[in-house]
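Here is how the chains run, residue by residue.
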Amino acid sequence: MLVEVKVPVLSESVADATLISWHKKTGDYVNRSENLIDIETDKVVLELPAPNAGVLTKILKNDGAIVTSGEVIAMIETESTDTKPSQSDNQSTTVAEKETKVAPEKDTEDRAAEDIHQEKPMLMPAARKLAEDNDLKATEISEIKGTGLGDRITKEDVQAYMERRSSVSLKVESKPEASVTSTSGARTERRVAMSRLRQRIAERLVESQSTAAILTTFNEVNMQAIIDLRARYKTEFEKEYGVKLGFMSFFVKAVIAALKKYPVINASVEGNEIIYHDFYDIGIAIGSPRGLVVPIIRDADRLTLAEIELQIADFAKRAQNGKLSIEELSGGTFSITNGGVFGSMLSTPIINPPQSAILGIHATKERPVVENGQIVIRPMNYLALSYDHRIVDGREAVLSLVAMKEALEYPMSPLLEE
């Protein structure tokens, strides 16, 4: 019986998707739930499992094709067993393995190399594409140690391997040989197509800049109180909740306190109307191998510091492995971006439309400040609030940032939360 392989149902906000690479070719036997192809949307990379076991008889859409929700891209014959591994094949393999025990040492080495070649380490979609673009052989891939979830090989693992390989090659090529002509000073350039995610990021940023009247206000916050709280409670907190007490949960709480005081900061624009949201879905900007993603913490006002930290840690881990769902990246009423993790001292973040504001956090550094007429050293952090001046006046923007500052400088004990 022929079974259709269809593109999974995409989110309403996703019009189409791109087929990245088929892992099977026509005539291959596939097992049920085995990944057939990676599909990239402008938000995530999806794995499309085989709906049934059988032979992949026809591929209707090739790599790079643009597809829509529910579109048929391949056919599987479930009754065909021509290419399915049989018991006799397994017995033949067993006999062959026994015979190789008495073969010369060279044959043993060749068979070992073949076994390595046949192994298929778990590669993340981005890692697989990078390996294919650079013509890495299976024997080379088998040498790469995966650092992702379940020892999966990430894009960074492949890049690190290629850098090591290039370094070794340069050392070998650096040996003086009369026949080698120096090519130093050669000027090269590469043209690489944007990924769907990068195209979407570019589109959204240009949209934000061209439609919103973006203005940024700044303030500084003394982080000493939070640093002292973390130092005092970090051991007990981690033992109690199984997660480290970070800074971001305090920023989320401070943001929510300000949004409740000034609801327009949590609003959005639709045509000639302002939509006030009576819920607080906070987006957390996270850098991933594919680009910037902003997963959403739903109803953040109802969560404790521990629950917020657990969600952020989970988002960060799955962002690196490309496992965030479309639903987790959709929506949001306000966003937070932390350039401080990369060393940024000051920036003007761009609003994530249709939201009306975004908070930029920066690196905490010790600076001289004046307190009670005395110059003292304090761990200071510059905050930047970009807002849409079409609906947010300067008064609300400045006061909301001051409210965030006050909530951060006078935090409550994380263990007093229910």
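Described in the following lines is the structure provided in the data block. The model shown is predicted, which means the values in this text are computed figures rather than measured ones. (Residues numbered from 1 in each chain as written. Predicted model: local features only at pLDDT ≥ 70, side-chain atom pairs only at ≥ 80, totals over all residues. Heavy atoms only, no water.)

Turning next to the pairing of strand β16 (residues 334–338). Relative to β16, strand β12 (residues 282–284) is paired through three bridges, and the arrangement is parallel. Looking at β16, one finds that Ile282 is bridged to Phe334. (Pairing = 2+ DSSP bridges. Helix = DSSP H or I, 4+ residues; strand = E, 2+ residues; numbered from the N terminus.)

A few words now on a nonpolar patch on the surface. Among the surface-exposed residues, Phe218, Met345 and Leu346 lie close enough to one another that they form a single nonpolar patch of about 280 Å² accessible area. Its place among the elements puts Met345 in the loop between β16 and β17 (357–361). (Patch = residues over 30% accessible without salt bridge, like charges linked within 9 Å, V, L, I, M, F, W, Y side chains within 5 Å. Areas by Shrake-Rupley, 256 points an atom, 1.4 Å probe, with all protein chains shown as cover. Salt bridge = Lys/Arg side-chain N within 4 Å of Asp/Glu carboxyl O.)

Attention now goes to helix α8 (residues 248–261). Taking 1.5 Å per residue, 14 residues should reach 20 Å; α8 reaches 20 Å between its end C-alpha atoms and fits that length. Taking burial as the measure, the 14 residues of α8 include ten buried ones, the bulk of the element. Within the span of α8, buried status applies to Met248, Ser249, Phe250, Phe251, Val252, Ala254, Val255, Ile256, Ala258 and Leu259. (Expected span 1.5 Å × (residues − 1). Buried < 20%, exposed > 50% of the residue type's maximum accessible area, 1.4 Å probe, protein only.)

Here the focus is unusual backbone geometry. Geometrically, the link from Pro353 to Pro354 is a cis peptide bond, its omega value of 10 degrees lying close to zero. Among the secondary structure elements, Pro354 is positioned in the loop between β16 and β17. Unlike most non-glycine residues, Asp299 shows phi in positive territory, near 45 degrees. Checked against the element boundaries, Asp299 lands in the loop between β15 (296–297) and α9 (305–320). You can call Asp299 partly exposed: its relative accessible area is 28%.

Judged by pairing direction, the sheet is antiparallel, and its four strands sit side by side in the order β1-β8-β6-β3 without closing on themselves. Each end of this open sheet is capped by a strand with a single partner; those strands are β1 (2–6) and β3 (29–30). Pairing geometry for β1 and strand β8 (residues 72–77), over five bridges, is antiparallel. Each bridged residue has a counterpart across the sheet, and for Glu4 the counterpart in β8 is Met75.

Just distances and angles here, no functional claims.
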